[in-house]
Amino acid sequence: MKVLANDGISQSGVETLKNAGFEVIVKKVAQEQLKDYLNENAISVLLVRSATKVRKDIIDNCIHLKVIGRGGVGMDNIDVEYARSKGVSVINTPAASSSSVAELVFAHLFGGVRKLYDSNRNMPLEGDSKFKDLKKAYAGGVELRGKTLGIVGFGRIGREVAKIALGIGMKVIASDKNVGESEITLKFYDDQSIKIPVKTEPVETLITKSDFITLHVPAQAKPVIGAREIAKMKDGVGIINAARGGVLDEEALLAAIESGKVSFAALDTYENEPTPAIKLLMNESISLSPHIGAATNEAQERIGIELAEQIISILKKEKKSM
Ligand SMILES: O=C(O)[C@H](O)COP(=O)(O)O
């Protein structure tokens, strides 16, 4: 059987599939040519990340397709229910990238409170007077220790974020539609662990109490954080979106940065991907990254192997039942 990994897959994922007898093609076929390519090459398994869209036209017209695999969490680029209704299995790897995304959130947070993303760009070539000016300009950073982090969405990624936050002495409030009182487990090097209760509050309360707010919810039809929510936040709040473009209203964010209500923001995901609004890209108060939350070597390694193992198991079962 043939597998096309259209947005890439780790080498160990490729090896695992090859060892199970699959032919694996790792190449990027343009969206417009994908349907024809899948048919002409009799592809049974299509692997994607977020870049390739797998909509009804592909599902309806690709007669060999048995499995669509999403290497990652969000499946908003796939018509999941439709594919399943047509007998095509759809899988993802919901746990494999949680710590990578959580660490990226903190890369942005640590950098944000010292404006490192901006000072990196502005370090002087023109002698010590400029250096002294910049030393003044970038003073006034704040510590994260003791501050309150509001985590909107307390699934796997939100919980990893909470662990790091607690580890550096932040206070944590979480909100999630499925969580009542909650706790997380911190593990230590010698396999000991402790459970820490995390206070959960409705989003409306969380936004009023947090110094920093980070979003970890799936793609939504409407923003979770817009002008109305930002107005209720503390003055000088910092906001991080490494979840999905559209869960944070970008126009409202820009207006709140302009007014000083929001002191800084960090974005890894954008309403318009892969071409984020220029106003965001040029803003001095926004720390930016190009949707790389899951893009560590370790996460991609786990994702590749997990995808391969799931595919092998699904197609083995199918073979047996024939
Ligand atoms: O949903 C996800 O898993 C992340 O947003 C990562 O997306 P990517 O695989 O396209 O980097």
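All values reported here derive from a predicted model rather than from experimental measurement.

Draft legend 1. Region of interest: the UniProt feature "domain: D-isomer specific 2-hydroxyacid dehydrogenase NAD-binding" (unreviewed entry) in the protein. Taking the UniProt record as the reference, the feature "domain: D-isomer specific 2-hydroxyacid dehydrogenase NAD-binding" (unreviewed entry) is found at residues 107-293. Taken end to end, residues 107-293 is 34% helix and 22% strand, and its two terminal C-alpha atoms sit 11 Å from one another.

Draft legend 2. The arrangement of the pattern of salt bridges in detail. Counting across every chain of the model gives 13 salt bridges. When the shortest N-O distance is used, the salt bridge between aspartate 76 and arginine 244 registers 3.0 Å. Of the two residues, aspartate 76 is situated in the loop between β4 (67-70) and α4 (80-85) and arginine 244 in the loop between β11 (237-241) and α11 (250-259); the sequence distance between them amounts to 168 residues. Owing to a relative accessible area of 37%, aspartate 76 belongs among the partly exposed residues under this scheme. Exposure remark for arginine 244: the relative accessible area of 13% places this residue in the buried category. The shortest N-O distance in the salt bridge between arginine 228 and glutamate 229 comes to 3.2 Å.

Draft legend 3. Representation of the UniProt feature "domain: D-isomer specific 2-hydroxyacid dehydrogenase catalytic" (unreviewed entry) in the protein in the model. Here, the residues flagged by UniProt with the feature "domain: D-isomer specific 2-hydroxyacid dehydrogenase catalytic" (unreviewed entry) are residues 4-319. Structurally, residues 4-319 is divided into 40% helix and 19% strand, and its ends, taken at the C-alpha atoms, are 20 Å apart.

Draft legend 4. Representation of the site of the ligand within the structure. Taken together, Arg49, Ser50, Arg70, Gly71, Gly72, Val73, Gly74, Arg244, His291 and Ala294 are the residues near the ligand. The contact in question runs from an oxygen atom of the ligand to an N or O atom on the side chain of serine 50, over 2.4 Å. Between the ligand and valine 73 there is a distance of 2.6 Å, counted from an oxygen atom to a backbone nitrogen or oxygen. For the ligand, the protein covers 90% of the area, taking 320 Å² as the surface of the free molecule. Under a 2 Å grid-point criterion requiring more than half of the atoms, the pocket assigned to the ligand is the largest pocket.

Draft legend 5. A look at unusual backbone geometry. Along the chain, glutamate 273 connects to proline 274 via a cis peptide bond; the corresponding omega equals 10°. Residue position: proline 274 is located in the loop between β12 (262-267) and α12 (278-281). Even without a glycine there, the phi angle at alanine 42 is positive, about 50°. Tracing the chain through its elements places alanine 42 in the loop between α2 (31-40) and β3 (43-48). Using a relative accessible area of 32% as the deciding quantity, one classes alanine 42 as partly exposed. Positive phi, normally seen in glycine, also occurs at histidine 291, with a value near 50°. Along the polypeptide, histidine 291 turns up in the loop between β13 (286-288) and α13 (297-321).

Draft legend 6. How the structure looks around a nonpolar patch on the surface. Taken together, the side chains of Phe188, Tyr189 and Ile194 make up a nonpolar region of the molecular surface, amounting to roughly 390 Å² of accessible area. Relative to the helices and strands, phenylalanine 188 is located in the loop between β8 (182-187) and β9 (193-200).

Draft legend 7. Geometry of empty space enclosed by the protein. Scanning the model with the defined rule gives one cavity of 30 Å³ or more in all. If you add up the space inside the largest cavity, you get close to 50 Å³. Elements that contribute at least two residues to the lining of the largest cavity include exactly β3 and α13. Looking at the lining of the largest cavity, its residues break down into five nonpolar, four polar and one charged.

Reading the values: the criteria
Here, residues in each chain are numbered from 1, in the same order as that chain's written sequence. In keeping with the predicted nature of the model, local features appear solely for residues at pLDDT of at least 70, side-chain atom pairs appear and are counted solely at 80 or more, and the whole-chain, interface and lining totals rest on all residues. Values reported for side chains reflect all heavy atoms of the structure, with hydrogen atoms and water molecules removed beforehand. UniProt positions are given in the numbering used here, feature names are shortened, and annotations may be inferred rather than shown by experiment. Runs of E in the DSSP output that reach at least two residues are strands. Runs of H or I that reach at least four are helices, and both are numbered from the N terminus. A carboxyl oxygen of Asp or Glu within 4 Å of a side-chain nitrogen of Lys or Arg is what we treat as a salt bridge. Under the scheme applied here, a residue whose accessible area is under 20% of the maximum for its type counts as buried, over 50% as exposed, and between as partly exposed, the area being computed with a 1.4 Å probe on protein chains only. Definition of nearness: a residue and a molecule or strand are near each other if at least one heavy atom of the residue lies within 4 Å of the molecule or strand. Residues adjacent in sequence count toward polar contacts only when both atoms are side-chain atoms; beyond that, a polar contact is any pair of N or O atoms within 3.5 Å, and within protein one must be able to donate a hydrogen and the other to accept it. Surface accessibility follows the Shrake-Rupley procedure with a 1.4 Å probe radius. Residue values consider only the protein chains on display as shielding. Using a grid of 1 Å spacing that covers the protein atoms alone, one calls a set of points a cavity when a 1.4 Å probe fits there but cannot get out, and a pocket when the set is open and has protein on both sides within 12 Å along at least five of seven lines; lining residues are those with an atom within 4 Å of a point. For a cavity or pocket, the test is whether more than half of a molecule's atoms lie within 2 Å of its grid points; if they do, the molecule sits there. Only residues whose relative accessible area exceeds 30% and that form no salt bridge enter a patch; like-charged residues are grouped when within 9 Å of one another, and nonpolar side chains (Val, Leu, Ile, Met, Phe, Trp, Tyr) when within 5 Å. Grid points are joined across faces, edges and corners, and a volume is the space filled by probe spheres set on the points. Asp, Glu, Lys and Arg are counted as charged, while Ala, Val, Leu, Ile, Met, Phe, Trp, Tyr, Cys and Pro are counted as nonpolar; the rest, among them Gly, fall into the polar class.

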